Amino acid sequence: MQKRKRRFLRKGENLMMLRTIRLEKAKKAEQQKELTISNAITRCKLASAEVIPDINELLQNNTIGNLVDSLGRDNKKKIRAESADALAHIASGSSEHSNLIAKAGAVPRLIRLLQSSDPEVCEKGILSLGNLLHFAPNLRDFIISHGFVQKLISLIQDKSTSTVILSHLTWVLRKLCISPQPSPPDDLAGILQALNILLYNPEAKILEDSLMAVRNLAHGSDMIQILLGTEVVPRIIYLLEHNDVMVQKAAVQALRNIASGSEEQIQELLKNNLLPHISALMSHTDADIRSQVLWLLQNIADGNHFHRQAIMNAGLLPKILENLKAEAIPLKCAAALTITMLAIDKDKNLLCYLMRQGVIPEFCNLLFYEDNEVICNLLHVLSTMLDVDPSFTAEVTGIIEWSGALNNIKMLQSNENEEISQVARKMISDYFS
């Protein structure tokens, strides 16, 4: 009986020893794994200040694999946040780095971090996804396919979501709307739903990124038509009067892209009472905003005669002329190109008005500016002014000679641009030979 008892005790002791050994092995393996992850994070932190680790080095050390594995360690919030941060640094290396991270299975795990109750974990997950999109736009639909847009909407609608998190999410949405492919992004309805909410946010940075997201979407007739069928466009026009310069600038850029659509789409845009909202921006203290508005007007004027007439009926021509006489060359060029678009119908009364407003000397001065598009358009308008009415000819030729532009036009006869050289030769042959 005693022998049997001793054997039983020894057996129990052996089992306990085996269990202890197993636990020790598991503990050491866990410690080794944490050490590997810690080393990977440390390497990325050290490298991020100088150079992103080489692809071969990352593969050899399985750095990305270890970092991706650590994203799923629910009880280790600090490690999850630091791993996401390290992946964001690696993603900034190149498109190849970003695609390698996605191939390692990081995307679904990073998206799951958005559900974390820890703000730092959530924030690092968002920023890592943003870097993936920034450096590898081809991952757009792949990230969307893992439910990112729905997670985004959920966080946007949650009133407890902090402004910092919302700002990061909007930045990622802006990247998501960049179209490397000709087709619009997947889950477009969800993206437009998110934008419709974000465009009413009081934070200027969130508004700016939301507007830039619309700008990124507004390419191609189909996509522009979809945008015109939503409440997004009236809201953008309203935001032209926002008190933040960056918001105004982003709103103008979004509308500029929308105005690059068909004649029918430009007409639909104008029905939203756009032109009266533009008027005040033509005298804005920020020269870049004025330039952007002028590029927007060029797109509208490129539509048809009625669109050009609408610009003049809105009283915008005097303000365009004011910008033509500004000191900044880019602003002068934008104004000059807008005027050339308005003059495309060769309306005699308009051309006469432009002459009386001192347009010709300004145009002549810009012929010295090395931009073929500007030069070509200006030569066409000057040629039209010479052709449209014999009573204008002597005045126009006199101003061209007085401004010193005649020598430049003569030089343009040998310009590499065939259209420029042809117009210049005709002008010299017909009026200055």
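Structure report, in brief. Residue numbering note: each chain is counted from 1, following its sequence as written. The predicted origin of the model limits local features to residues at a pLDDT of at least 70 and limits the giving and counting of side-chain atom pairs to 80 or more, whereas totals for whole chains, interfaces and linings rest on all residues. Here the side-chain values reflect all heavy atoms present in the structure, with hydrogen atoms and water set aside.

1. Some points on the overall build of the protein chain
Our working rule: A helix here means a DSSP run of H or I that spans at least four residues, while a strand means a run of E at least two residues long, and both kinds are numbered starting from the N terminus. For every residue, the accessible area obtained with a 1.4 Å probe (protein chains only) is divided by the maximum for its type, and the residue is called buried under 20%, exposed over 50%, and partly exposed between those limits. Here a residue-residue contact requires only that any non-hydrogen atoms of the pair lie within 4.5 Å. We get accessible surface area from the Shrake-Rupley algorithm with a probe of 1.4 Å; when it comes to residues, only the shown protein chains can shield them.
The helix and strand inventory of the protein chain stands at 27 helices and 0 strands. Put simply, the protein chain has 433 residues, and 49% of those count as buried. Taking all contacts inside the protein chain whose residues are at least 6 apart in sequence as the whole, residues at least 24 apart take part in 70%. When the accessible surface of the protein chain is split by element, carbon and sulfur atoms take 50% of a total near 21,200 Å².

2. Focus: the pattern of salt bridges
Definition in use: Every case where a carboxyl oxygen of Asp or Glu lies within 4 Å of a side-chain nitrogen of Lys or Arg is listed as a salt bridge.
Scanning the entire structure with this criterion turns up 12 salt bridges. Among the ionic pairs, aspartate 288 bridges to lysine 249, the shortest N-O distance being 3.3 Å. Of this pair, aspartate 288 sits in helix H18 (residues 287-301) while lysine 249 is found in helix H15 (residues 245-258), placing the two residues 39 residues apart along the sequence. Overall, the relative accessible area of 12% leaves lysine 249 in the buried class. Through salt bridges that share partners, Arg174, Lys205, Glu208 and Asp209 make up one connected network.

3. Side note on the environment of glutamate 203
Mapped onto the fold, glutamate 203 is located in the loop between helix H11 (188-198) and helix H12 (204-217). Spatially, the C-alpha atom of glutamate 203 lies 8.4 Å from that of serine 167, the residues being 36 residues apart in sequence.

4. A look at the nonpolar core
Heads up, the condition is: Among the buried residues, those of types Ala, Val, Leu, Ile, Met, Phe, Trp, Tyr and Cys that are joined through side-chain atoms within 4.5 Å form a nonpolar core. A domain assignment, automatic or from a database, supplies the domain bounds used here.
Ranked by internal contacts, the top residues of the largest apolar core, which has 140 residues, are Ile258, Leu297, Ile300, Leu379 and Ile400. For this core, the domains that each give at least three residues are domain 1 (25-146) and domain 2 (346-432). Once residues lying within four places of it in the same chain are set aside, the contact partners of leucine 297 are Leu275, Ile278, Met282, Ile311, Leu316, Ile320 and Thr338.

Read these as layout, nothing more, since geometry by itself doesn't imply function.
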